[in-house]
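Fold and geometry: a report
One letter stands for each residue in the lines below.
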Amino acid sequence: VAQMTASDGDSALDFTDVFTSDYKRYVITGTDCRPSTDQKNLIFQYRDAAGLNTSTYHSAFFSADTNGGTGSGHADDQTVGLVLNNIGTNGTESGNFIAYLDPITSNTPKFMHYRSYGQMQDATARTIFGGVAYNDATVMTGIKWYWSSGNWESGTIKIYGVND
């Protein structure tokens with residue numbers, strides 16, 4: 001359906017008018033996602049016909065790290081959703097993710113389920129399994145991906161439409 005590749009210095013990869021009734025649901029992949037500065041989180045906000053949606057994101061996750069650490073948590077009433085955590089910029093430090101969502105339903109909430117893999121700023125690899133719920137009946141038309149601060153160094157995000 002759509003694809004964007006970040007150029008060094010891009011502030012966001014902003015997909016507008018990509019979610020339509022042509023598909024029942026969507027799969028989103030991110031590869032080689034890297035911020036321009038260390039220790040940043042890859043986050044998103046949905047778009048509807050009125051613009052960016054900046055409230056009512058609820059999330060939960062479980063993470064496992066190659067150094068033996070694990071974590072879990074949840075956050076309510078956030079202004080963004082998160083899929084990659086503490087990504088670094090050196091060598092092989094970057095992140096990848098796959099997400100599944102149904103943004104065009106008028107049902108509440110809208111769920112995004114994701115799995116992400118990233119190498120953090122200290123070279124520790126982290127896997128995250130999570131979900132983000134957006135509690136609004138508005139039909140979503142797009143999605144904006146950006147780093148918690150700073151710009152993109154590299155990365156490609158693809159959106160696929162699915163009818164099954």
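Structure first, text after, so check above.
The present account deals with the structure reproduced in this document. (Residues numbered from 1 in each chain as written. Predicted model: local features only at pLDDT ≥ 70, side-chain atom pairs only at ≥ 80, totals over all residues. Heavy atoms only, no water.)

**Regarding unusual backbone geometry**
The backbone phi angle of Asp32 is positive, close to 50°, even though this residue is not glycine. Secondary-structure assignment places Asp32 in strand β3 (residues 25-35). (Helix = DSSP H or I, 4+ residues; strand = E, 2+ residues; numbered from the N terminus.)

**A few points about the pairing of strand β8 (residues 81-87)**
For β8, the tally of buried residues reaches five of seven residues, placing the bulk of the element in the interior. Bridge count between strand β4 (residues 40-48) and β8: four bridges; the pairing is antiparallel. Within β8, the residue paired with Lys40 across the bridge is Ile87. (Buried < 20%, exposed > 50% of the residue type's maximum accessible area, 1.4 Å probe, protein only. Pairing = 2+ DSSP bridges.)

**Here's the deal with the sheet that holds strand β10 (residues 110-119)**
The strands that make up a sheet pair up through hydrogen bonds in the backbone, lying either parallel or antiparallel. What the eight strands build is an open sheet, ordered β1-β13-β3-β9-β10-β11-β6-β7; its pairing is antiparallel. Pairing within the sheet leaves two strands with one partner each, and these edge strands are β1 (2-5) and β7 (70-78). Strand-to-strand twist in this sheet, taken as the mean axis angle between neighbours without regard to direction, amounts to 10°. Where β10 lies against strand β11 (residues 125-134), ten bridges are found, and the strand directions are antiparallel. The residue bridging Tyr114 from the neighbouring strand is Gly130, located in β11. (Axes fitted to C-alpha atoms, helices over the stretch in contact; angles between N-to-C directions.)

**Brief notes about the pattern of salt bridges**
For the structure shown, the criterion picks out four salt bridges. Among the ionic pairs, Arg47 bridges to Asp14, the shortest N-O distance being 2.7 Å. Linking Arg47 in strand β4 with Asp14 in strand β2 (residues 13-15), this pair joins segments that are 33 residues apart in sequence. Exposure remark for Arg47: the relative accessible area of 17% places this residue in the buried category. For Asp14, a relative accessible area of 24% puts it in the partly exposed group. (Salt bridge = Lys/Arg side-chain N within 4 Å of Asp/Glu carboxyl O.)

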